[in-house]
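Architecture at a glance
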Amino acid sequence: MTRLSSWVSGLAESRVLVVGDVMLDRFVYGDVERLSPEAPVPVLQVARERSMLGGAGNVVRSLVALQATPCFVTVVGNDSIGREVKLLCGQLTARATFIDAADGQTALKTRYIAGGQQLLRADDEAIQPLSPVAEEQVIAAVRNMLLGQEGAIGSLILSDYGKGVLTSGLTRKLIGLAQDSGVPVLVDPKGRDFSLYAGADVITPNQKELAEATGMLSDGDDDIVTAARHVIKTCGIKRILVTRGAKGMTLVSGDTTQHFAAQAREVFDVSGAGDTVVAVSAAAVAVGADLPIAIQLANAAAGVVVSKSGTAVVRSAELAAAVDGATRGAIVNREEAAGHAAAWRDRGLRVGFTNGCFDLLHPGHIALLRQARDECDRLIVAINTDASVVRLKGPSRPVQDEASRASVLSALAMVDLVVSFAEDTPKELIEAIQPDVLVKGADYTIDQVVGAAFIQSYGGRVVIADLMDGYSTTGTLFRLQKS
């Protein structure tokens, strides 16, 4: 594991080219309290919507979350969805080339969710192959990136969602370009004809896709290996990584087979897990990891992403925690805390928040944290940075530095995340996390609690916790000085 964890930070140095079908994933969240009088279907009272890049775009999102440098070539229609895709991609640190198909339609997948459960998915798309002109534009863009002067491409991902971008002719040409440049090719395949990907270094079908492509059984280990070797022999592919859900992954290469057990995590939503696997594998290969190391990283990342809702991504800190075996009490930054909170809310979990200096942890702190955890399903604890404590408490504080305070809090069973804030109040952090419950001690009234009005504006609750008399850090320090 020590060797494996040393690769995580190195993923930020990877430069990966992604080519494939982009789409827009839209999530509509709400509550269901009744059935429609018009038909026996639930009525969703819409509360909020969220849109994000899907398909090959989710692969790009995954690479950005790993702090890698993705380059992206894809095709969009001249429509509002295509413009939204461009806007979302522009918000990422990705160099993107969009080929405009004037007569094409950008795919939209809309999911309706209540209580953490998906009620319906509606697809709005028109599948058609690229025109010869568009194919040549894609080839030119890929060639330019492979030969560009901005930094060497370390790997190429072909993300095939069967929406028309990766035609058979284009796919073969792109693999040929990569081979000529000495760039390894990883393919997330689609369809029944894997010979389209001849020459690829790795393809990553799931168990069902392998069975459909070969017409062979894929139930047990022996079946998986037999079917994979059939593809290698008949389709000219070097290695096959079969993703097998709860059974992990299997890598087949000629006469060599390796099985990778699934990470033991709660499975909530498998959407986007394949994108995560190919993204992490390609990023690791791009910085020189051998394939088994890359797959172990991808396996750990897949274990994280399936515990989230929707087409989620895995951030570097989450992957580092996963390979180190840390699954709770993680110390995260503001962006990561907000991401965790959003994922928990999507699952119907109540997110709690409390804050303080927590300089010398005492029974009063423990009582507050227990009460806070009783009010929610997941608890985020925010601590003042050292400079912030100095401004609030004076130059003799804190007694313990920020890292030490965070480490102690993260070890407590009732704490799910620890995050720090440099401002004098946690107002900005609360607005980023948007907790369902805000907990403060009884030395405050609700009108004095920072962030109370904001949380109440969207239906959140503010809870005033009971305090234990006789316990405070200031009092403890005073007694120590007297002694």
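In case you missed it, the structure is sitting above this.
To start, this report covers the structure provided alongside it.

Scoring rules and cut-offs
Residues numbered from 1 in each chain as written. Predicted model: local features only at pLDDT ≥ 70, side-chain atom pairs only at ≥ 80, totals over all residues. Heavy atoms only, no water. Pairing = 2+ DSSP bridges. Helix = DSSP H or I, 4+ residues; strand = E, 2+ residues; numbered from the N terminus. Axes fitted to C-alpha atoms, helices over the stretch in contact; angles between N-to-C directions. Contact = heavy atoms within 4.5 Å. Buried < 20%, exposed > 50% of the residue type's maximum accessible area, 1.4 Å probe, protein only. 1 Å grid on protein atoms, 1.4 Å probe; cavity = no way out; pocket = protein on both sides within 12 Å on 5 of 7 lines; lining within 4 Å. Points joined across faces, edges and corners; volume = space filled by probe spheres on them. Nonpolar A, V, L, I, M, F, W, Y, C, P; charged D, E, K, R; others polar.

Here's the deal with the sheet that holds strand 18 (residues 437-441)
An order of 14-17-16-15-18-19 is seen for the 6 strands of this open sheet, with the pairing classed as parallel. Two strands bound the open sheet, and with one partner strand each, they are strand 14 (330-332) and strand 19 (461-465). Between one strand axis and the next, the sheet turns by 25° as a mean value, whatever way the strands run. Across the sheet, helix 11 (residues 334-346) is in contact with strand 14, strand 15 (351-356), strand 16 (378-384) and strand 17 (417-421); its angle to strand 17 comes to roughly 140°.

With respect to unusual backbone geometry
Residues Arg397 and Pro398 are joined by a peptide bond in cis, for which omega reads 0°. Inspection of the secondary structure assignment puts Pro398 in the loop between helix 13 (386-393) and helix 14 (402-410). If you check the backbone angles, Gln434 has positive phi at about 55° while not being a glycine. Relative to the helices and strands, Gln434 resides in the loop between helix 15 (427-433) and strand 18. Residue Gln434 is classed as partly exposed on the basis of its relative accessible area, which comes to 36%.

Remarks on the pairing of strand 13 (residues 256-260)
In this sheet, strand 13 lies alongside strand 12 (residues 249-253) in antiparallel orientation, the contact comprising 5 bridges. Pairing of Thr250 across the sheet is with His259, part of strand 13. Here strand 12 folds back onto strand 13, and the loop between the two strands holds 2 residues, one of which, Gly254, carries a positive phi near 60°.

So, the sheet that holds strand 11 (residues 239-243)
One open sheet accounts for 9 strands, arranged 5-4-1-8-9-10-11-12-13; its pairing is mixed. Lying at the two open borders of the sheet, with one neighbouring strand each, are strand 5 (95-101) and strand 13. Sheet analysis places strand 10 (residues 202-203) next to strand 11, joined by 2 bridges and oriented parallel. Within strand 11, the residue paired with Val202 across the bridge is Arg239.

Regarding the layout of surface pockets
In this structure, the largest pocket encloses a volume near 1500 Å³. What lines the largest pocket is a set of 48 residues, among which Arg48, Arg50, Ala342, Ala343 and Asp346 lie closest to the centre. Residue assignment for the lining of the largest pocket shows that the elements contributing at least two residues are strand 2 (22-35), strand 3 (42-55), helix 2 (56-65), strand 6 (107-114), helix 10 (316-323) and helix 11. The biggest single contributor to the lining of the largest pocket is helix 11, with 8 residues. Partitioning the lining of the largest pocket into residue classes produces 19 nonpolar, 16 polar and 13 charged.

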